[in-house]
Amino acid sequence: IRLLHRAINHHQKRMELGKQGRTRDGKLPWKRISVWIKEHGGSYLFAPATCAKKWEEVEMGEEE
């Protein structure tokens, strides 16, 4: 969960700065977030949909 938070924070900062990684509709780039997690110590390359679903659960307070 910590890596997910860090990955999202990293990509949100990039989006704010207008660098690549921003999607046309402003959604988070879940594929890139998945790869970032793996490259920064994740034990597995999670599917983008898995990252999105887990983030939704965290945001709704279902998991810490």
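Since the structure is predicted, the reported quantities are computational estimates derived from the model, not experimental observations.

Parameters at a glance
- Residues numbered from 1 in each chain as written.
- Predicted model: local features only at pLDDT ≥ 70, side-chain atom pairs only at ≥ 80, totals over all residues.
- Heavy atoms only, no water.
- Helix = DSSP H or I, 4+ residues; strand = E, 2+ residues; numbered from the N terminus.
- Buried < 20%, exposed > 50% of the residue type's maximum accessible area, 1.4 Å probe, protein only.
- Contact = heavy atoms within 4.5 Å.
- pLDDT = per-residue confidence, 0-100.
- Core = buried A, V, L, I, M, F, W, Y, C linked by side-chain atoms within 4.5 Å.
- Salt bridge = Lys/Arg side-chain N within 4 Å of Asp/Glu carboxyl O.
- Expected span 1.5 Å × (residues − 1).
- Arc of directions from axis to C-beta.

**Q** Could you clarify how one ought to interpret the overall build of the protein chain in this entry?
**A** Of regular secondary structure, the protein chain possesses three helices and zero strands. Along the protein chain, helices and strands appear, N-terminal first, in the series α-α-α. Taken across its 64 residues, the protein chain has 27% of its residues classed as buried. Considering only residue pairs separated by 6 or more positions, the protein chain has 45% of its internal contacts joining residues 24 or more positions apart.

**Q** Got a minute to help me understand the confidence of the model for the protein chain in this structure?
**A** Note that predicted coordinates carrying low pLDDT should not be read in detail. In the predicted model, the protein chain carries a mean pLDDT of 86, and the fraction of residues at 70 or more is 78%. Within the protein chain, helix α2 (residues 30-39) carries the highest mean pLDDT (97), whereas helix α1 (residues 2-16) carries the lowest (89).

**Q** What is the right way to read the nonpolar core from this model?
**A** Note that soluble globular proteins tend to have their nonpolar side chains buried in a common cluster. Counting twelve residues, the largest nonpolar core is built from Leu4, Ala7, Ile8, Met15, Leu28, Trp30, Ile33, Trp36, Ile37, Cys51, Trp55 and Val58. Broken down by secondary-structure element, the contributors of at least two residues to this core are α1, α2 and α3 (48-59). Leave out the neighbours within four places in its chain, and isoleucine 37 touches Leu3, Leu4, Ala7, Gly42 and Cys51.

**Q** Honestly, the pattern of salt bridges in this entry has me stumped. Any pointers?
**A** When the charged atoms of two side chains lie near each other, side chains of opposite charge can form a pair. Under the criterion given, the structure shown has one salt bridge. In this structure, the salt-bridge partner of glutamate 57 is lysine 54, at a minimum N-O distance of 3.2 Å. Here glutamate 57 pairs with lysine 54, and both are found in helix α3, just three residues apart, close to one helical turn. Relative accessible area serves as the criterion here: at 21%, glutamate 57 is assigned to the partly exposed category. Residue class for lysine 54 comes out partly exposed when judged on its relative accessible area of 25%.

**Q** How should the side chain of serine 34 be read in this particular structure?
**A** If you trace the backbone, serine 34 turns up in helix α2. Given the relative accessible area of 1%, serine 34 is considered buried. Ignoring sequence-local partners within four residues, the contact set of serine 34 consists of Leu45, Phe46, Ala47, Pro48 and Cys51.

**Q** What am I meant to see in α3 here?
**A** Each α-helix turn comprises 3.6 residues. Residues three or four places apart therefore point the same way. For α3, which comprises twelve residues, the first-to-last C-alpha distance of 17 Å matches the rise-based estimate of 16 Å (1.5 Å per residue) to within 8%. For α3, the set of buried residues is Cys51, Trp55 and Val58. For α3, the arc enclosing every buried residue in end-on projection is 60°, short of the 170-degree limit, so these residues lie on one face. The exposed residues of α3 that point more than 90 degrees off its buried face are Ala49 and Lys53. In the stretch just after α3, glycine 61 is the one whose phi turns positive, near 80°.

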